[in-house]
Amino acid sequence: MSARVFFINKFGGISLQDVERIHQAADLIANKHPNTVVVTSAMEGVTNSLLKLSDFASKDKWRETQELLDNLCNKHRQVAIELSVSRNALDKLEVILEELRSLTVGIHLLHETSRRSQDQVTSIGERLSSILFTEALRHKNIDTICLDAREVLRTDDTYNKAEPDIEVIRTLALEKIQPHLIEGTTVVTEGSIGATES
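All residue numbers refer to positions counted from 1 along the written sequence of the respective chain. Only residues with pLDDT of at least 70 are given local features in this predicted model, and only at 80 or more are side-chain atom pairs given and counted; all residues enter the totals for whole chains, interfaces and linings. The basis for every side-chain value is the complete set of non-hydrogen atoms in the structure, without hydrogens or water.

> Sorry if this is basic, but what is going on with the pattern of salt bridges here?
It is possible for side chains bearing opposite charge to pair when their charged atoms get close. We count a salt bridge whenever a side-chain nitrogen from Lys or Arg sits within 4 Å of a carboxyl oxygen from Asp or Glu. This model, assessed by the stated rule, comprises 12 salt bridges. Residues E64 and R63 are paired through a salt bridge, measuring 3.8 Å at the closest nitrogen-oxygen approach. Residue E64 is classed as partly exposed on the basis of its relative accessible area of 28%. For R87, the salt bridge is made with D91, and the minimal N-O distance between the two is 3.0 Å. Here R87 pairs with D91, and both are found in helix α4 (residues 87–110), just 4 residues apart, close to one helical turn. Working definition: with a 1.4 Å probe on protein chains only, accessible area under 20% of the residue-type maximum means buried, over 50% means exposed, and in between means partly exposed. For R87, a relative accessible area of 56% translates into the label exposed. By relative accessible area, which is 37% here, D91 ends up partly exposed. Here the residues in one salt-bridge network are R63, E64 and E67, joined through shared partners. Only DSSP runs of H or I covering at least 4 residues are called helices, and only runs of E covering at least 2 are called strands; the numbering of each starts at the N terminus.

Right, dumping it as structure tokens:
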């Protein structure tokens, strides 16, 4: 039996900076083999904005924090509208945006950003873009699922500099990703997010 061949495509922030670029990236995937994993970054500038957000919140710059938080939320909501995402996808986006708001308030109240909370904040951008890109692919009639990378990517608990557990990741990838690829389903996931076993 010949070995199965799967493909991985990574899109950086510039490739996902707006609706036009998202559609262009989705067209690239539509023209490829269906056995594809798509790894998304946050939209261009979003990760830097999230870092600035946590910095503002920790320094008691609440007006600036609120303004930046609102801009980030509105940016992703507008893209969702322009992509005509499903109600289910919109609900998922709102859950993540509310998580971002809660994290920001927590940082503001504590007046500090731990490495763990910074990792949580910066993960938001990729989680949002993976949902948006999944919807873009579905609109092109591509059988697609959005898989939270934390279901597969296991690391140690060294926040900001976590090391991946390759053997565990291999096992989880075979269990959670490969079956979809064998069925011809495109898997969209994030690029820089992991979870510990505990």
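> Please clarify how helix α2 (residues 46–58) should be interpreted in this entry.
For an α-helix the count is 3.6 residues per turn, leaving residues at separations of three or four pointing the same way. Expected span, for any helix, means 1.5 Å times one less than how many residues it has. Between its terminal C-alpha atoms α2 stretches 18 Å, which fits the 18 Å expected from 13 residues at 1.5 Å a residue. When α2 is considered as a whole, its buried residues turn out to be V46, L50, L53, S54, F56, A57 and S58. Pairs of residues are marked as contacts when any of their non-hydrogen atoms sit within 4.5 Å. Along its buried surface, α2 packs onto α3 (62–83), α4 and α5 (115–138). Backbone geometry just after α2 places D60 at a positive phi near 65°.

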